[in-house]
Amino acid sequence: MERNVTTMDTARHRLPAWLVTGLALGLFLARIVAEVTRVPWSPLALAMLVIASCAALVWLVHWLDHRGASLPLVPALVLLVYILWPQRDWRAALVAASIALLSWLFDLLSRNTQHATRSTLIDAFTFAVAFMVYLITLQKDILPADSGEFQLVTTTLRGILHPPGYPLYTLVGKLFTLLPIGTPALRLNLMSVFLAAGTLTLVGATVRKMLGESWGGVWGSLAAVLALGTATTFWAQATTANIRMPTAFFTAWCFYLLIAYRQSQISKDRYLTLFALAFSLGLGHYFVLGVMGLFFVAYVVLLDLALIRQPRRRAAWRPMIVFVLAQLVWLYLPIRAAIAPTPETRDLLSPGYFLWYASGQGFAGDMLAFAGPEQLPARLALLPTLFTFQMNLPLLIAALIGAILLMWRDWRAGVMLIGGFFAHTFIAITYRAPQTVEYEMPAYIALAVILGFGVGQISTRSVQSQILNLRPATCDLLNIAAAGVIVAGLANGIAHAPSYIALANDRSTREYVEPMLRDAPPGAIILSDWHSATPMWYLQQVEGVRNDVTVRYVFPVAGQESSQVWRSLIEENIVTRTVIVTHYWGSQYPTLPYIFEPFGQAWQVRSEPSFDVPCDLTPLAVEFDGKLRLAGYHLSLTRASAGQPLKVTLALQSLGQLDRDYTLTVRLVDANGMRRAQQDRGYPTRSFAPGEVRVDRFTLPLEPTLPPGRYAVVVGVYYVPPEGGFRNLRTADGEWATVATFDLAPGGKALPTLHPLDVPFANGPTLTGVDYDLSNPSSLRVYLHWRGPGAAGAAARIGDGVTRLPELTRGAMFVTGHDIPVATPLQVNVTRADDRRLTGAGAWGWPISSAQLPGFHSTDRYVLLGDQMALIGVESPRRTVAPSQSIDVILRFLSLKPLVTGDVVSVRIEGERSAWRISSDDHPAANAIPTLKWIAGSVVEDRRRLKLPDDARPGRVSGYLRVYDEFREDVLPPDDVFLGEWNVAP
């Protein structure tokens, strides 16, 4: 009896749920109002705001409670996360509010009905929304490499696609190219939009089939669709011509039909027959789907052992017949080869070659190439990067929980989905070819279904209360977790959308290849990489552009280095016609007796000198000591802003027979004559003919820390005398020739930052982020990100360092760099021109005199590499090694924007005084995630292992990083990034 009295007494003194909910809502609203105003609030005004907001919300929640529309307490407590958040962060506020709202929605719907509305409407809505999103971000022009081949062959039906031929894709793609909209290239890209929307619809329907037509099934399907639809690679493939999206569609279709086969009571035979059709078409399109097909078959057998015990029954034979009939699509290859034979396809009439081609035997050596014990650990280490490249961490954690729930609640489906996921992932990561992120497409489908099943399970009221025996408060916590996963999917899409909106307007492929093709001399031959060859063929065969020019793809030749193949083709053709090359081999070309002159973004090869200045250059006539003349120039930017690279094309002319070699130096200087960027390049000028003109291109980085103002591009010429040092040639006005001047504006786009902030200063700019660079262990480089508006004369102070801020218009971005001792307190304040400190608005709008910055780690880096990426981390497990041992270097990169070039990462280790040198040059992440696949904000980890020479002497060795374009070998500035030092022990 005493225990009951005590319990009743405790309940009597417990705060009412409506009061706590109202207070949480009131505090949250007060903080939002205080921070939205973006000005400091006085303590008295802030207190009045809090009291008024809490009173209003408590009254409202109490009013709702009396009318039977009470709000559950637990979701309101989610708002406490942002109420107690230590800094201003609209993203954290939005996430907290979204999770709370979704949790209330889950509770409201589950109380009214356990059944969703019509599945057909949900599927139609899913398809329509997905279709519109991908249509808005659709790439609308010609594309490079394989995508260019698909656009060409499906449009013209000339030739056959590379092995295994993809006959189904060719035939269906041809139908899309007949649509009366846009260009054929756009129409084929549009096919991927349809397939992507269909794939997401099937994934959502599969999850609902697994969970039943409850609201839990709806939330699970929504989570699955968001996770897959916003994944980096899926979104990219949904907007371009490719063969990955049909693979995804067939995989999703197979999953749906198998789950429907199990759930159906009266149409099992029909679903099994449709599955045979889907799997046969999918296998014919992408034969590696057969690995996952083993788990499809295992699932069917686990469901119905009678298929093995009674194989002669009609239900087993009908799917087999359908499977075989669907494979007849392969007849397109020999039929096409017979109708329009080409040197590449005529052998397809031979049964042996046909089987070799259709089964992709040319790639057989690449399958499981990295499955050995030496390579496999390094490949497995790629998995975290592969999946975080696609989805944020909450989604991946939800998928892991979903896998556990799936094996507990439906182990047969778990065998199919989880087993298929791991099997296909193993095949993908051990395959010796780039773009592993694309080969993983079937695994992403399985991952999304697993994730959706988990979310549906924890958000289904019947599962929560009847099976798990949970209390209402715990059920609310599960609803919060499910809502968090859906919000994480939305956040994934919000983070990725700007990149795909930008790519929708990308015309870089056409801008690269079309001028080269149109401006080529009559009868020229263009030696091209696959990347550029296919869009040029499309322009010639579909749009009729310059069919007199020969475009030849330079393919690898067994037993020969690639650079030697290019060299041989140049020597073979240059005697009879003009040669243009799209790939520059810096180690081979300088040894040839030819001149390589910039031609658009490629190079024209000359066997004889030129004495004319190209007409597209602005004429100049600046002489250097009567030896050389600067005869023309061109700047790539007419409106420059911080963060962009400036390309300078120069024409240099010899004024006579020269007796020494000279070096050209190009610099960017500010209004005070201070050097801000520089690039030097030496020339064998002794071999120049008198009057010969050489054209070359230089790149000057306009770093984000450059203050707005007037800048000049100046050029000088120098040589190295025998006694050492430098000697500059002089012009009539001194040692430097001013080529051009221009005004530099602040950057219009914010750079990605690892530590986002939001600290507005009254009558000043807003501090939006901070990054740290510890390339020099004894000094800390701090980058502060600012957004306007801000008046001229303001200065940012950190420690003893002061940096003047330019006048910033609303929305303008600027980055300041500060070098401070490592022990300096990380506090930033902003002062006016008279050194009076400006007041900032901190969390809750509280007035602050300085902004407290987050801490840093010894591995932190923030080295901007051109305008493409930043090096944000360097780690090495061991700093002391012995000769013949290996040095492991772990690099982390952050993409600054969607990238459309393939870059190579070069890591170099040098002994003291360059006594020896070892290097590793490869695409990032062991070629699994080429930079062509990166979007803004992508974080990619790149692991390198470099073995020291056996005769490496004891002492200190240094590491350096260089990133350069795969085809043009243009280095992203800065040229050499210091990575650190290691000690070689005796």
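Because the structure is predicted, anything quoted here is derived from the model rather than measured. (Residues numbered from 1 in each chain as written. Predicted model: local features only at pLDDT ≥ 70, side-chain atom pairs only at ≥ 80, totals over all residues. Heavy atoms only, no water.)

Scanning the chain from terminus to terminus reveals 29 helices and 34 strands. The C-alpha radius of gyration computed for the chain amounts to 32 Å, which stays within 12% of the reference 30 Å derived for 986 residues, consistent with globular compactness. Across its three principal axes, the chain shows a C-alpha extent of roughly 110 × 85 × 65 Å. Here the chain, with 986 residues, has 54% of them falling under the buried criterion. Contacts spanning at least 24 positions in sequence make up 70% of the contacts within the chain whose residues lie at least 6 apart. When the accessible surface of the chain is summed, it comes to about 43,600 Å², and 60% of that surface belongs to carbon and sulfur atoms. Across the chain, the 82 positively charged side chains and the 76 negatively charged ones have centroids separated by 8 Å. (Helix = DSSP H or I, 4+ residues; strand = E, 2+ residues; numbered from the N terminus. Rg over C-alpha atoms; globule rule 2.2 N^0.38 Å. Buried < 20%, exposed > 50% of the residue type's maximum accessible area, 1.4 Å probe, protein only. Contact = heavy atoms within 4.5 Å. Areas by Shrake-Rupley, 256 points an atom, 1.4 Å probe, with all protein chains shown as cover. Lys, Arg positive; Asp, Glu negative; His and termini not counted. Charge placed at Lys NZ, Arg CZ, Asp CG, Glu CD.)

This part covers the sheet that holds strand 19 (residues 795-798). Read from one edge to the other, the open sheet built from four strands follows the order 20-19-22-25, with strand pairing classed as antiparallel. Edge positions in the open sheet fall to strand 20 (801-804) and strand 25 (851-852), since each of these has one partner strand only. Summarising the sheet, strand 19 and strand 22 (residues 827-831) pair through four bridges and their orientation is antiparallel. Bridge pairing links Ala-796 to Val-830 in strand 22. (Pairing = 2+ DSSP bridges.)

What the rule picks out here adds up to 42 salt bridges. Close ionic contact of Lys-933 with Glu-438 constitutes a salt bridge, the shortest N to O distance being 2.4 Å. Of the two residues, Lys-933 is situated in the loop between strand 31 (917-922) and strand 32 (939-947) and Glu-438 in helix 23 (residues 436-439); the sequence distance between them amounts to 495 residues. For Arg-629, the salt bridge goes to Glu-623, with nearest N and O atoms at 3.1 Å. On the accessibility criterion, Arg-629 (22% relative accessible area) is partly exposed. According to the relative accessible area criterion, Glu-623 is partly exposed, its value standing at 37%. Each of Asp-141, Arg-507, Arg-510, Glu-514, Arg-518 and Glu-543 takes part in salt bridges that share partners, so that together they form one network. (Salt bridge = Lys/Arg side-chain N within 4 Å of Asp/Glu carboxyl O.)

Applying the stated rule across the entire model yields 40 aromatic pairs. Put simply, the rings of Phe-255, Phe-275, Phe-279, Phe-296 and Phe-323 pair up and form one aromatic cluster. Over the ring of Tyr-512 we find Arg-968; its NZ or CZ atom is 5.5 Å from the centre of that ring. (Phe/Tyr/Trp six-rings, centres within 6.5 Å; stacked < 30°, edge-to-face > 60°. Lys NZ or Arg CZ within 6 Å of the ring centre and 35° of its normal.)

A separate point is the confidence of the model for the chain. With 95% of its residues at a pLDDT of 70 or more, the chain shows a mean pLDDT of 90. Across residues 1-13, confidence stays below pLDDT 50; counting only partners more than four residues off in sequence or on other chains, it has zero contacts. (pLDDT = per-residue confidence, 0-100.)

With that out of the way, let us pick up the pairing of strand 4 (residues 595-599). With five of five residues buried, strand 4 is to be regarded as a mostly interior element. Here strand 4 shows two buried faces, one formed by Ile-595, Glu-597 and Phe-599 and the other by Phe-596 and Pro-598. Count of turn residues in the strand 4/strand 5 (residues 602-606) antiparallel hairpin: two residues, of which Gly-600 carries a positive phi of about 65°.

The contact between helix 10 (residues 215-229) and helix 24 (residues 441-458) brings their axes to 7 Å, and the two run at 150°. With respect to the hand of their crossing, helix 10 and helix 24 are arranged in right-handed fashion. Where helix 10 abuts helix 24, its residues Gly-216, Trp-219, Gly-220, Ala-223, Ala-224, Ala-227 and Leu-228 lie against Tyr-444, Ile-445, Ala-448, Leu-451, Gly-452, Val-455 and Gly-456. Split by residue class, the contact of helix 10 with helix 24 holds 10 nonpolar, four polar and no charged. (Axes fitted to C-alpha atoms, helices over the stretch in contact; angles between N-to-C directions. Left-handed = near helix turned anticlockwise from the far one by under 90°. Nonpolar A, V, L, I, M, F, W, Y, C, P; charged D, E, K, R; others polar.)

With that settled, consider the environment of Thr-839. Mapping Thr-839 onto the fold places it in the loop between strand 22 and strand 23 (840-841). Look at Thr-839 and you get partly exposed, because its relative accessible area is 35%. A sequence separation of 165 residues divides Thr-839 from Met-674, and the C-alpha atoms of the two residues are 33 Å apart.

Our next topic: the sheet that holds strand 32. Pairing in this open sheet of four strands is antiparallel, and the strands run 26-27-29-32 from one edge to the other. Each end of this open sheet is capped by a strand with a single partner; those strands are strand 26 (860-865) and strand 32. Averaged over all pairs of adjacent strands, the angle between their axes in this sheet comes to 30°, without regard to strand direction. Pairing geometry for strand 26 and strand 27 (residues 869-875), over four bridges, is antiparallel. From the neighbouring strand, Asp-860 faces strand 27, where its bridge partner is Gly-873.

Here the focus is helix 27 (residues 508-519). In a regular helix each residue adds 1.5 Å, so 12 residues correspond to 16 Å; helix 27 covers 17 Å between its end C-alpha atoms and thus fits that length. Among the residues of helix 27, those classed as buried are Thr-509, Arg-510, Tyr-512, Val-513, Glu-514, Met-516 and Leu-517. Elements that come into contact with the buried residues of helix 27 comprise strand 1 (525-528), helix 28 (530-541), strand 2 (550-553), strand 3 (579-581), strand 4 and strand 5. (Expected span 1.5 Å × (residues − 1).)

Moving on, we get to a nonpolar patch on the surface. Together, Ile-321, Leu-325, Leu-328, Leu-331, Ile-335 and Ile-339 give the surface a local cluster of nonpolar side chains, amounting to about 600 Å² of exposed area. Tracing the sequence through the fold places Ile-321 in helix 16 (residues 314-326). (Patch = residues over 30% accessible without salt bridge, like charges linked within 9 Å, V, L, I, M, F, W, Y side chains within 5 Å.)

What follows concerns the pairing of strand 18 (residues 779-787). For a regular strand, side chains alternate in direction, first toward one face of the sheet and then toward the other. Counted residue by residue, strand 18 has seven buried out of nine residues, so it is predominantly covered. Sheet analysis places strand 17 (residues 766-773) next to strand 18, joined by seven bridges and oriented antiparallel. For Val-770, the partnering residue across the bridge sits in strand 18 and is Leu-784. Turn length for the strand 17-strand 18 hairpin, with the two strands adjacent in sequence and antiparallel, is five residues. Of the strand pairs in this sheet, strand 18 and strand 21 (residues 813-821) are connected by nine bridges, and their pairing is antiparallel. Along strand 21, the bridge assignment pairs Tyr-783 with Gly-817.

For the rest of this paragraph, the subject is unusual backbone geometry. Put simply, Pro-163 and Pro-164 share a cis peptide bond, and its omega is 10°. Its place among the elements puts Pro-164 in the loop between helix 7 (145-156) and helix 8 (167-177). For Leu-157, which is not glycine, the phi torsion reads 55° and is therefore positive. Relative to the elements of secondary structure, Leu-157 occurs in the loop between helix 7 and helix 8. Although it is not a glycine, Arg-546 sits at a positive phi angle of roughly 50°. Note on placement: Arg-546 falls in the loop between helix 28 and strand 2.

In this section: the side chain of Glu-438. Residue Glu-438 is classed as buried on the basis of its relative accessible area, which comes to 6%. Within polar-contact distance, the side chain of Glu-438 engages the side chain of Arg-244 at 3.4 Å. What Glu-438 contacts, discounting residues up to four positions off in sequence, is Thr-233, Gln-237, Arg-244 and Lys-933. (Polar contact = N/O pair within 3.5 Å; in protein donor to acceptor, adjacent residues only side chain to side chain.)

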